[in-house]
Amino acid sequence: MYEANKLSSLLAVAESSLREIMYCEKAVVYVVEDDQKSFYKFDEMDEKVVFPADRGIIGQCLQTKEVMDIPHTYSHTAYHNSVDLDTELPILCMPIFSTKKEGQVLAIIQVLNLNRIGYLMKSKSDMFEAEVVKIFCNMLGICIEKFTRVKDLMVEKTKNKFLINFYKSREYAFRRK
């Protein structure tokens, strides 16, 4: 599970950075599977926890592909306690899109939104903070895509090594006959 641990480390750094950027105490990054039918996060034990794509506010954000600013989490119709942040405080959910595949959601952030970034922007500083979060999400999306590409290349390399060794052993066996 080395590859999964690498991704969990990337996400842990992203979550920590989001907490700093948004001055909040909770932030979670959920990664969306390629088939868009499920998403996952890593728990405190570094275990992958998978959820169906229609579960919680996160699932609704995935389906609508829109930023969701939820002022009262528990009263929201899509809230699900196994997925969403456990808080009565406002949360912000933002999809992170692929730079390679138009309209494909790679991940979704969910943060405790005490400063109400993105909600009824009243000043230029509010708009600036919202723009910083968007830029951060774009950069995180690029990192997730790069990680996925490297993982795919590692799998391909392993397959190729296996095939080369297989053909070499067959060739060696054929010469012995």
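Rules used in this analysis
- Residues numbered from 1 in each chain as written.
- Predicted model: local features only at pLDDT ≥ 70, side-chain atom pairs only at ≥ 80, totals over all residues.
- Heavy atoms only, no water.
- Helix = DSSP H or I, 4+ residues; strand = E, 2+ residues; numbered from the N terminus.
- Contact = heavy atoms within 4.5 Å.
- Areas by Shrake-Rupley, 256 points an atom, 1.4 Å probe, with all protein chains shown as cover.
- Buried < 20%, exposed > 50% of the residue type's maximum accessible area, 1.4 Å probe, protein only.
- 1 Å grid on protein atoms, 1.4 Å probe; cavity = no way out; pocket = protein on both sides within 12 Å on 5 of 7 lines; lining within 4 Å.
- Points joined across faces, edges and corners; volume = space filled by probe spheres on them.
- Nonpolar A, V, L, I, M, F, W, Y, C, P; charged D, E, K, R; others polar.
- Salt bridge = Lys/Arg side-chain N within 4 Å of Asp/Glu carboxyl O.
- Phe/Tyr/Trp six-rings, centres within 6.5 Å; stacked < 30°, edge-to-face > 60°.

S.K.: I tried to follow the overall build of the protein on my own but got confused; where do I start?
M.R.: Counting secondary structure elements, the protein contains 3 helices and 6 strands. For the protein, the sequential pattern of α-helices and β-strands runs α-β-β-β-α-β-β-β-α. Taking all contacts inside the protein whose residues are at least 6 apart in sequence as the whole, residues at least 24 apart take part in 51%. Of the accessible surface of the protein, which amounts to about 11,300 Å², a share of 55% is contributed by carbon and sulfur atoms.

S.K.: Sorry, what's going on with the side chain of Q110 here?
M.R.: Within the secondary structure, Q110 sits in strand β6 (residues 105–112). On the accessibility criterion, Q110 (0% relative accessible area) is buried. Beyond its immediate stretch of four places on either side in the chain, Q110 contacts K26, A27, V28, Y30, I57, I58, V83, D84, L85, I91, L92 and C93.

S.K.: What's the story with the layout of surface pockets in this structure? I'm lost.
M.R.: Regions of empty space are outlined by a rolling probe, equal in size to a water molecule, passed over the atoms. Reported here for the second largest pocket is a volume of approximately 220 Å³. Together, 13 residues line the second largest pocket, and E15, K41, F42, D43 and E44 are the ones closest to its centre. Secondary structure elements with two or more residues in the lining of the second largest pocket: α1 (2–22), β1 (27–32) and β2 (38–42). In terms of residue count, the dominant contributor to the lining of the second largest pocket is α1 (5 residues). Each residue belonging to the lining of the second largest pocket can be placed in one class, and the counts come to 6 nonpolar, 2 polar and 5 charged.

S.K.: I tried to follow the pattern of salt bridges on my own but got confused; where do I start?
M.R.: In a structure, side chains of opposite charge can pair up when their charged atoms sit close to one another. Applying the stated criterion to the full structure yields 1 salt bridge. With a shortest N-O distance of 3.4 Å, E33 and K48 are connected by a salt bridge. Placement of E33 in the loop between β1 and β2 and of K48 in strand β3 (residues 48–52) is noted, with a sequence separation of 15 residues between them. Classification of E33 by relative accessible area gives partly exposed; the value is 24%. Assessed through its relative accessible area of 40%, K48 is described here as partly exposed.

S.K.: Before we go on, may I ask you to explain the packing of aromatic side chains in this structure?
M.R.: Summed over all chains, the structure comprises 5 aromatic pairs. Ring centres of F39 and F51 lie 5.6 Å apart, and the angle between their planes is 35°; on these two criteria the pair is classed as tilted. With a gap of 12 residues between them, F39 in strand β2 and F51 in strand β3 connect regions that are remote in the sequence. F51 matches F39 in its accessibility class, with the two residues each being buried. When the ring of Y74 is compared with that of Y79, the centres are 5.2 Å apart and the planes differ by 80°; the resulting orientation is edge-to-face. Taking the relative accessible area as the measure of exposure, Y74 reaches 39% and is therefore partly exposed. Taking relative accessible area as the criterion, Y79 reaches 16% and is therefore assigned buried. Here a set of aromatic residues connected by ring pairs shows up, and it is made of Y30, F39 and F51.

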